[in-house]
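Tertiary structure, described
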Amino acid sequence: MAYRRTPAVQARLDAQAGAITHAAMKVLSREGFSGLSMAAVAAEAGVATGTVYKNFSGKAELVTAVFRAVVTREVAAVAAAGAEGGPVQRVTAAVETFAGRALKNPKLAYVLLAEPVDAAVDTERLRFRRAFAETFESAVATGVANGQLPPQNPRTTATALVGAIGEVLVGPLAQALESESVVPELVAFALRALGLHE
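Residues numbered from 1 in each chain as written. Predicted model: local features only at pLDDT ≥ 70, side-chain atom pairs only at ≥ 80, totals over all residues. Heavy atoms only, no water.

1. Some details on the packing of helix α4 (residues 59-81) against helix α6 (residues 106-113)
Short version of the rule: To get an axis, a line is fitted to the C-alpha atoms, and for a helix only the part in contact is used. The angle between two axes follows their N-to-C directions and goes from 0 to 180 degrees. Helix and strand definitions here come from DSSP, where helices need a minimum of 4 consecutive H or I residues and strands a minimum of 2 consecutive E residues; each element is numbered from the N-terminal end. In what follows, roughly perpendicular refers to angles from 65 to 115 degrees, roughly parallel to angles under 35, roughly antiparallel to angles over 145, and oblique to any angle outside these ranges. Two residues form a contact once any of their heavy atoms are found within 4.5 Å. Throughout, the ten residues Ala, Val, Leu, Ile, Met, Phe, Trp, Tyr, Cys and Pro are labelled nonpolar, Asp, Glu, Lys and Arg are labelled charged, and all others, Gly among them, are labelled polar.
α6 packs onto α4 with a crossing angle of 110 degrees between their chain directions and a minimal axis gap of 11 Å. Regarding the angle of α4 to α6, the classification is roughly perpendicular. When α4 is examined against α6, the residues F67, V70 and V71 are found in contact with a partner set consisting of L108, V111 and L112. Taken together, the residues of the contact of α4 with α6 sort by class into 6 nonpolar, no polar and no charged.

2. Topic: the environment of T157
Mapped onto the secondary structure, T157 falls in helix α8 (residues 154-174). Separated by 85 residues in the primary sequence, T157 and T72 have C-alpha atoms spaced 22 Å apart. Filtering out sequence-adjacent residues up to four positions away, T157 remains in contact with V140, Q152 and L194.

3. Focus on the packing of aromatic side chains
Convention followed: Only the six-membered ring of Trp is used, alongside the rings of Phe and Tyr, when aromatic pairs are assigned; centres must lie within 6.5 Å, and planes under 30 degrees apart are stacked while those over 60 apart are edge-to-face, with the rest tilted. Throughout this description, buried means an accessible area under 20% of the type-specific maximum (1.4 Å probe, protein chains only), exposed means over 50%, and partly exposed covers the range between. For a ring to carry a charge above it, either NZ of a lysine or CZ of an arginine must fall within 6 Å of the ring centroid while also lying within 35 degrees of the normal to the ring plane.
This model, assessed by the stated rule, comprises 2 aromatic pairs. Centre to centre, the rings of F98 and F132 are 4.5 Å apart; their planes meet at 10 degrees, and the pair counts as stacked. With F98 in helix α5 (residues 87-104) and F132 in helix α7 (residues 119-145), the pair connects residues that are 34 residues apart, well separated along the chain. Ring centres of F128 and F132 lie 5.0 Å apart, and the angle between their planes is 80 degrees; on these two criteria the pair is classed as edge-to-face. Of the two residues, F128 and F132 are both situated in helix α7; the distance of 4 residues between them amounts to about one turn of the helix. With respect to class, F128 is no different from F132; both count as buried. These aromatic residues form a ring-pair network of at least three members: F98, F128 and F132. Lying across the ring of F33, K59 places its NZ or CZ 4.2 Å from the centre.

Here it is in structure tokens:
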């Protein structure tokens, strides 16, 4: 007869995996991808290194889990910010939220956007960019449909905005620079890219 985990045992294992993922996020926020090790995550989580390996086969699987957790939270925040108002207000709020939240945790944002990572993690990064682009795409499509924005392909514009915003943020994030002008400049750029005059 095969062993089946009870709901209580499964809940305990899920909680342990969640705690390890949270610990990995803290290590990534301090050290980046290159500074993350299974031993460092174990120390942060207060468990044995073997316990980390019981939950995750290696660094790539662990960082992929962190990407999914963090990106789900960040995409939800950007989508919520960009859900109300006309296209200009929606895009402005989404850009401000995306860039503003990234600049509050520069090391982790740099890992999510640009730091060299394993191929499996890079695949997750592409999903992350697509999810952010969908928020912009919806606002652009609405603006084009109601004549508030000039004709354009909403998907192309949205993808280009996410790429440009990420590229602009890489410098300040990599060098942990605080630049008060970055977010307003990104908003102005986004509106120009949509075909609007300031």
